[in-house]
Amino acid sequence: MAAIEEGGGGGHKGPGVKKAKKLSTRVDMTPMVDLGFLLITFFIFSTTMAQPTAMQLIMPKDTEKPEEQTKVKASGALTILLGKNNGVYYYEGDDPTKIQASDYKKIRDVIIEKKKNTKPEDFVVVIKPNDEANYQNVVAMLDEMSINEVKKFAMVNISPQENELLVATEKANGI
Amino acid sequence: MPKAKIARKSTWVDMTAFVDVSFLILTFFILATKFKPVEPVEVKFPSSVSADKVPETDAFLVTIDKDGRVFVQMDDPNARKSIAENLNETRKLGLTPADIKAFTNAPSIGVPFSAFKQLLAMDPEQQKNLKQPGIPVPDSTGGELYYWIRDAKSTYAGKKTSWLIKADDATKYPVIRNVLDAFKRNDINKFQLVTKFRDAPVGTALWNTRQNQLGTGKN
């Protein structure tokens, strides 16, 4: 109860004078508050505010025929390799030996730089996660494509040679 | 010296305003939130700048947890029924009509075909407590997930189906690749990855585009 009863209501009017006791019209709201907050607590725990969003991913159809495969000019290609411990490595063109280490902050500048220096129709980013990369890395990199408005990009399986170079670079960097 | 007299005051507190506030907050929560969907496993999915809402109808959801266990979920009970009937026929699962009926009430499946019948025989409470081993997707052939997708595809034929993939941050890439391969073998090349929304970083190309869109939208 939100009130402490005080003794001796009514007052003293002397003997014989009987007055009807005035009943208070106040309603004790405390249980209602209790109930309200109980329901709020229930709704907070059992519902969710954040609406998940969906990221579109369109993969090319696998094809064995060379004439159906998309040709990429080596000069416009930027290959990004994803390794373990959130590692990011990249090389330009078609020479994997020029592999360089980077990270998720620096790679944006690399992409922007490459995009600026390449003809828009030639520019393509190839993403190659190796077996140690995790889903977060892949989504972060796909996201980087939409952040930088890279029109052409592809997610491709890593080649054994690239994987070797990637592991060697990781070892050299002490990962 | 006269005794200091302390006036006896009522301790009654008017709770009406308090009630008003609490019910206002309650109303807000009821209207602004949604009930958490039933999930087989807890998945902490990554964030992306994509602002598209996850479609709710005709969706086929593949959930992958951080250990690489794969689950499938379909929202439409009729679709589930039809898929169960198809699978029963093509994979010789030996399901009884009662099992198929049970499947229409099962929200998610994460067991190999060999344990499917057994799972459906359980009551919903048992199903919830069971640690499901996941649908086997061992390699790029797509494993059993391939058949799930194939039958889902034929069930949803003619409708605009959304193929959703929800995976944990820590899921290793090979599992993702195998799941994508299972879809690709079914000639499905357009997916939607479930993510949390985050704003595009200030100053980037996408941020500029969105700012321009906002500008033209106002005019």
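Residues numbered from 1 in each chain as written. Chains lettered and ligands numbered in written order. Predicted model: local features only at pLDDT ≥ 70, side-chain atom pairs only at ≥ 80, totals over all residues.

### Re the overall build of chain B
Phase 1 of the analysis: Counting its regular elements, chain B contains eight helices and seven strands.
Phase 2 of the analysis: A compact globule built from 219 residues should have a C-alpha radius of gyration of about 17 Å, whereas chain B, at 26 Å, is more than 25% larger.
Phase 3 of the analysis: When each of the 219 residues of chain B is scored for burial, the buried share is 32%.
Phase 4 of the analysis: The long-range fraction of contacts in chain B, counting pairs at least 24 apart against all pairs at least 6 apart in sequence, stands at 70%. (Helix = DSSP H or I, 4+ residues; strand = E, 2+ residues; numbered from the N terminus. Rg over C-alpha atoms; globule rule 2.2 N^0.38 Å. Buried ≥ 20, exposed ≤ 12 C-beta atoms within 10 Å, placed from the backbone. Contact = placed C-beta atoms within 7 Å.)

### Brief notes about the overall build of chain A
Phase 1 of the analysis: Helix and strand counts for chain A come out as four helices and seven strands.
Phase 2 of the analysis: Starting at the N terminus and ending at the C terminus, chain A contains elements arranged as α-β-β-β-β-β-α-β-α-β-α.
Phase 3 of the analysis: Buried positions account for 25% of the 175 residues belonging to chain A.
Phase 4 of the analysis: By sequence separation, contacts in chain A at least 24 residues apart represent 65% of the contacts at least 6 residues apart.

### Some remarks on the nonpolar core
Phase 1 of the analysis: Formed by 63 residues in total, the largest nonpolar core has its most connected members in Ile80 and Val138 of chain A together with Val70, Leu145, Ile176 and Val179 of chain B.
Phase 2 of the analysis: Ignoring anything within four residues of it in the chain, the contact list for Val70 of chain B reads Val62, Ile64, Gly110, Gly134, Ile135, Val137, Leu145 and Val179 of chain B. (Core = buried A, V, L, I, M, F, W, Y, C linked by C-beta atoms within 7 Å.)

### Description of the packing of helix H2 (residues 77-91) of chain B against helix H3 (residues 97-105) of chain B
Residue and element names in this part refer to chain B.
Phase 1 of the analysis: Two elements in contact, H2 and H3, have axes separated by 8 Å at closest approach and are oriented at 140°. Put simply, H2 runs oblique to H3. The hand of the H2/H3 crossing is right-handed. For the pair H2 and H3, the contacting residues are Pro77, Arg80, Lys81, Ala84, Glu85 and Asn88 in the first and Ile100, Phe103 and Thr104 in the second.
Phase 2 of the analysis: Grouping the amino acids of the contact of H2 with H3 by side-chain chemistry returns four nonpolar, two polar and three charged. (Axes fitted to C-alpha atoms, helices over the stretch in contact; angles between N-to-C directions. Parallel < 35°, antiparallel > 145°, perpendicular 65-115°, else oblique. Left-handed = near helix turned anticlockwise from the far one by under 90°. Nonpolar A, V, L, I, M, F, W, Y, C, P; charged D, E, K, R; others polar.)

### Considering the sheet that holds strand E4 (residues 88-92) of chain A
All names here are of chain A.
Phase 1 of the analysis: Within the open sheet, the five strands sit side by side as E5-E4-E3-E6-E7. Their pairing is mixed. With partners counted over all chains shown, the strands left at the sheet margins are strand E5 (100-102) and strand E7 (153-155), one partner each. Here the strands of the sheet are splayed against their neighbours by 25° on average, with no regard to which way each runs.
Phase 2 of the analysis: Across the sheet, helix H2 (residues 106-117) is in contact with strand E3 (77-82), E4, E5 and strand E6 (124-129); its angle to E4 comes to roughly 15°. (Pairing = 2+ DSSP bridges.)

### Observations regarding the packing of helix H1 (residues 30-46) of chain A against helix H1 (residues 16-32) of chain B
How two helices pack is summed up by the angle between their axes together with the distance between the axes.
Phase 1 of the analysis: Following both chains from N to C, one finds H1 of chain A and H1 of chain B inclined at 20°, their axes separated by 9 Å at the closest point. When the interaxial angle is binned, H1 of chain A and H1 of chain B end up roughly parallel. Handedness of the crossing formed by H1 of chain A with H1 of chain B: left-handed. Touching Met32, Val33, Gly36, Phe37, Leu39, Ile40, Phe43 and Ile44 of chain A of H1 of chain A are Phe18, Val19, Ser22, Phe23, Ile25, Leu26, Phe29 and Ile30 of chain B, all from H1 of chain B.
Phase 2 of the analysis: By residue class, the composition of the contact of H1 of chain A with H1 of chain B is 14 nonpolar, two polar and no charged.

### Comments concerning the interface of chain B and chain A
Phase 1 of the analysis: Every contact between the two is made by 55 residues of chain B and, on the other side, 45 residues of chain A.
Phase 2 of the analysis: Mapped by element, the contributors of at least two residues to the side of chain B that touches chain A are H1, strand E1 (34-35), strand E6 (162-167), helix H7 (173-184), strand E7 (190-197) and helix H8 (205-218) of chain B.
Phase 3 of the analysis: Sorting elements by how many residues they give to the side of chain B that touches chain A places H1 of chain B first, with ten residues.
Phase 4 of the analysis: By residue class, the composition of the side of chain B that touches chain A is 31 nonpolar, 13 polar and eleven charged.

### With respect to unusual backbone geometry
Phase 1 of the analysis: Its identity as a non-glycine residue notwithstanding, Glu149 of chain A has a phi of 50°, on the positive side.
Phase 2 of the analysis: Tracing the chain through its elements places Glu149 of chain A in the loop between helix H3 (135-147) and E7.
Phase 3 of the analysis: Residues other than glycine seldom take positive phi values, yet Asp187 of chain B does so here, at roughly 60°.
Phase 4 of the analysis: Note that Asp187 of chain B resides in the loop between H7 and E7.
Phase 5 of the analysis: A residue is classified by how many C-beta atoms lie within 10 Å of it, and Asp187 of chain B, with 10 of them, is exposed.

### What about the environment of Tyr104 of chain A?
Residue and element names in this part refer to chain A.
Phase 1 of the analysis: As for its placement among the helices and strands, Tyr104 is situated in the loop between E5 and H2.
Phase 2 of the analysis: Assessed through the 16 C-beta atoms surrounding it within 10 Å, Tyr104 is described here as partly exposed.
Phase 3 of the analysis: C-alpha separation for the pair Tyr104 and Ser46, spaced 58 residues apart in sequence, amounts to 35 Å.
Phase 4 of the analysis: When residues no more than four places from it in sequence are discounted, the contact partners of Tyr104 are Asn86, Val88 and Ala140.

### So, H2 of chain B
All names here are of chain B.
Phase 1 of the analysis: Between its terminal C-alpha atoms H2 stretches 20 Å, which fits the 21 Å expected from 15 residues at 1.5 Å a residue.
Phase 2 of the analysis: If you check which residues of H2 are buried, you get Ala79, Arg80, Ile83, Ala84, Leu87 and Asn88. End-on view of H2: buried residues confined to an arc of 165°, all on one side of the axis. In H2, the exposed positions that point more than 90 degrees away from the buried face belong to Asn78 and Glu89.
Phase 3 of the analysis: Buried residues along H2 sit against strand E4 (70-74), H3 and helix H6 (145-155).
Phase 4 of the analysis: In the segment just after H2, Lys92 is the residue with positive phi, at about 50°. (Expected span 1.5 Å × (residues − 1). Arc of directions from axis to C-beta.)

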